[in-house]
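Summary of structural features
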Amino acid sequence: MKNHFIFVFVLLLGWSAAIGQIRKKQVNGLWGLYRKNKAIIQPLFCVLNDSFDTGGLLLAGRQDSSQLLRYGLFDVSGRVILSTEFLEIRKLGYHFYAALPKDADTWKIYQWNASKLQTRLITDGIVDFTEFVREKAILNRYHRYGMIDVQGNTVLPFEYRKIERRFPEYHAYPFAEARLIDAEGKVLKKYFLDSIQPISPNLYCVQLEGKFGVMKPDGSFLFFNMYDSVTEVREPFLVVWKNGKSGLIDTTNRALLDCKFQKITSQPYGLWEVIDSNKRFLFTSEGKNVTAHLDTFTSFSEGYLTASYQSRWGLLDSNLHWKILPAYQAMSSVKDGFVAFKMNELYGIMSVENELIISPYVDSIAIINRHLFIYHDNQGWGTLQPNGKDYFFSYGSYEILPEGTIRFRNDSGLYGLLDNRGRLLLPAQYDFICATSQKGLYQTHKNFKKGFAWIHDVEREVSKDSAFLDIEVLQPLGEKFIPVRIHRKYGFTDHTGRIKIATRYDSVQYFSQGRAAFKLAGKWGFLDEQENIIVQPIYEKVFPYTVHRVSLVCDEGKWGLLSEDGKPIVAIEYDKLSENEFGNWICEIKNKKGLISADGMRQIFPQFDDIRDIGNGFAIVRKRDKYGVYHLNGYAVIFPEWEAIIPNFGGNTFFVLRNRQMEILR
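Residues numbered from 1 in each chain as written. Predicted model: local features only at pLDDT ≥ 70, side-chain atom pairs only at ≥ 80, totals over all residues. Heavy atoms only, no water.

So, the overall build of the chain
- Helices and strands together make up the secondary structure of the chain, namely 1 helix and 70 strands.
- Taken over C-alpha atoms, the radius of gyration comes to 39 Å for the chain, far larger than the 26 Å a tight globule of 666 residues would show.
- Principal axes of the C-alpha set define a box for the chain whose edges measure 125 × 75 × 35 Å.
- For the chain, the proportion of its 666 residues judged to be buried stands at 47%.
- Put simply, 28% of the contacts in the chain that link residues at least 6 apart link residues at least 24 apart.
- A total of about 33100 Å² of accessible surface is found on the chain, and carbon and sulfur atoms cover 48% of it. (Helix = DSSP H or I, 4+ residues; strand = E, 2+ residues; numbered from the N terminus. Rg over C-alpha atoms; globule rule 2.2 N^0.38 Å. Buried < 20%, exposed > 50% of the residue type's maximum accessible area, 1.4 Å probe, protein only. Contact = heavy atoms within 4.5 Å. Areas by Shrake-Rupley, 256 points an atom, 1.4 Å probe, with all protein chains shown as cover.)

Overview of empty space enclosed by the protein
- Scanning the model with the defined rule gives 1 cavity of 30 Å³ or more in all.
- What lines the largest cavity is simply Gln 267, Glu 273, Arg 280, Leu 282, Phe 297, Thr 298, Ser 299, Phe 300 and Leu 305.
- Residues belonging to the lining of the largest cavity are distributed by class as follows: 4 nonpolar, 3 polar and 2 charged. (1 Å grid on protein atoms, 1.4 Å probe; cavity = no way out; pocket = protein on both sides within 12 Å on 5 of 7 lines; lining within 4 Å. Points joined across faces, edges and corners; volume = space filled by probe spheres on them. Nonpolar A, V, L, I, M, F, W, Y, C, P; charged D, E, K, R; others polar.)

Focus on the pairing of strand 49 (residues 482–486)
- Counting buried positions over the 5 residues of strand 49 gives 4, a clear majority of the element.
- Where strand 49 and strand 50 (residues 489–493) come together, 5 bridges link them in antiparallel fashion. Counterpart to Ile 482 in the pairing with strand 50 is Thr 493.
- Following strand 49, the chain reverses through 2 residues before pairing antiparallel with strand 50; His 487 in that reversal takes a positive phi of roughly 50°. (Pairing = 2+ DSSP bridges.)

Concerning the sheet that holds strand 20 (residues 221–227)
- If you trace the 4 strands from one edge of the open sheet to the other, you get 17-18-19-20, paired in antiparallel fashion. This sheet does not close on itself; its edge strands, each paired only once, are strand 17 (195–200) and strand 20. On average, each strand axis in the sheet is inclined to that of its neighbour by 25°, with strand direction left out of account. (Axes fitted to C-alpha atoms, helices over the stretch in contact; angles between N-to-C directions.)

A short note on the environment of Tyr 635
- Secondary-structure assignment places Tyr 635 in the loop between strand 66 (626–631) and strand 67 (636–642).
- Among the residues examined, Tyr 635 registers a relative accessible area of 41% and is labelled partly exposed.
- In this structure the C-alpha to C-alpha distance between Tyr 635 and Thr 298, which are 337 residues apart in sequence, comes to 53 Å.

Some details on the sheet that holds strand 10 (residues 118–129)
- Reading across the sheet, the 12 strands line up as 4-5-6-7-8-9-10-11-12-13-14-70 and stay open at both edges, with antiparallel pairing between neighbours. Two strands bound the open sheet, and with one partner strand each, they are strand 4 (47–49) and strand 70 (663–665). Taking the axes of each pair of neighbouring strands and ignoring which way they run, one obtains an average angle of 45° across the sheet.
- With 3 bridges joining them, strand 6 (residues 69–75) and strand 7 (residues 80–93) adopt antiparallel strand pairing. Bridge assignment links Leu 73 to a residue of strand 7, and that residue is Leu 82.

Structural notes on unusual backbone geometry
- Here the amide bond leading from Phe 167 into Pro 168 is cis, since omega sits at 0°, within 30 degrees of zero.
- Tracing the backbone shows Pro 168 in the loop between strand 13 (154–166) and strand 14 (169–174).
- Geometrically, the link from Glu 235 to Pro 236 is a cis peptide bond, its omega value of 5° lying close to zero.
- You can see Pro 236 is positioned in the loop between strand 21 (229–234) and strand 22 (237–242).
- Unlike most non-glycine residues, Arg 134 shows phi in positive territory, near 50°.
- Secondary-structure assignment places Arg 134 in the loop between strand 10 and strand 11 (136–141).
- On the basis of relative accessible area, Arg 134 is assigned to the partly exposed category, the value being 44%.
- Phi is positive for Asn 243, close to 55°, though the residue is something other than glycine.
- Within the fold, Asn 243 resides in the loop between strand 22 and strand 23 (245–250).

Let's talk about the packing of aromatic side chains
- Applying the stated criterion to the full structure yields 28 aromatic pairs.
- Relative to Trp 272, the ring of Phe 237 lies with its centre 6.2 Å away and its plane at 80°, an arrangement referred to as edge-to-face. On the criterion of sequence distance, the pair formed by Phe 237 in strand 22 and Trp 272 in strand 26 (residues 271–276) is long-range, its members being 35 residues apart.
- For Phe 237, a relative accessible area of 15% gives the class buried.
- The rings of Trp 381, Phe 392, Tyr 398 and Phe 408 are connected pair by pair, giving a single aromatic cluster.
- Sitting over the ring of Tyr 173, Lys 162 keeps its end group 5.0 Å from the ring centre. (Phe/Tyr/Trp six-rings, centres within 6.5 Å; stacked < 30°, edge-to-face > 60°. Lys NZ or Arg CZ within 6 Å of the ring centre and 35° of its normal.)

This is the structure we're talking about:
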């Protein structure tokens, strides 16, 4: 009863009034609290501040095992209000205290209720705060401002970029409101910031006051608005930019490479390429330069890195250990397990296992594939196989074609063709040879006549080329047959030049999906490879069938889609139809846009000023200056009432943003 009386007495009159009863005392250099020589608080503290709080609380500090001061709060009866585990404790007024936990950079706000003898946590994650003025305190939680009153109630939630005292008012400037919404229209999270962009499945790049930070889905920051941009993510690492220079950090904002480099890009095997003063280096994720000893190096190829050390070239593996010691004048990148090397001014070939394949005896050599090398020697060139066999030699020029075959030109200016092992396919007797879009089919030109060579197997067999006399051969796109014209009429031949569909049409298009368009009497239709009429010639314009087996057709200025059997699957009623990268169709009527699925079965009716298909069955739509989300089935997931919509990573969720106006609080 006596102790309780003293405790209440101190609360009412303050510490100074009770000084006759309770005193601080130092024992062996440490402070405690005594009443009549009896310890209320044992002498364990380096700091015991009796002027910290006029309401009777004492700030106590003691050293931990690492000799760092940790602070806590006690009342004058010795009761622990906050244990001594904080780096710092500050008073806000009205029995509110800000405490900074150890190993943290954000504060916790506590309220002590003396009448109930309890302490409660009001909020955490505080990065800045003010003391109470006119019974209100401004707090900055995770870099968003809010306000509480002296009862700990929220006056303004934490969704403002700034709150200013302008007597007798407060001006609150809100961030834009962002919401994360799922495909059913349910709000999953709310955020308050300038902009947000997913950069990985679990991280978001957010902009606040012109700077960028990175945030987790729960709204907490890995780091606040510190950088000009975040350009690359390979969790847990991020490439960031500040003042025009790039750096590398981890997701705790620990700087692995300071922002002082021209460029940093991710490389295989956990490495980073760094460009500094126009020089290239490779760094580990720990920030160690592992190529500082090298003169220069190439990019990784097949898990190997060609590098120069003390002006000699060798080969490094993915662990940057020497696979081939640096002993050569030059060395190419790895291709198909081989490298070209230079020794004594001559070139040869070796394997990545340091096995000599071709001794250095030619002026230069290039690896075409695992079966073929091309060498240059004595102002000519030739082909070699790994066994050293010399197949072909010429003093002309050559070019590697997409299929790996070699088009060459002899001294007389005539062209021939080699296979992908350097063996002769077509002799040098053509004015020109070019590859077509159809694999194995080459167009030949000879004596002003066009023909084709059909290479059935570029390693073993080639058909004789066929010259088409008095025939205009159209570009051989498409399937199986080749469009030709004879005496102003069009039809199709095979690769040997035999007529397969008679030249009886006014015009034709190439075959696609087993269908080809033909024109008669000014109208277009479709036929198959047996010349069966699939679609009668009734359309003004048609396009070849797509991979989704639909054709875009036009009649009387309106567009629609036909199925492969010629039936309309999208009515011919649109002003415009255009296929996008997902195989769906943007449709337009009177400058309003919609979206139709590739099979024509689903549709968003054309009612929007703009529409963007995002490829997962949803589209972002714009009506005037507001955005929303619609499902391809035609229903609204998010009505167009937002300033911006950003699709989220790897799922059917969306960020929506809305700007808000300044608020005045009296």
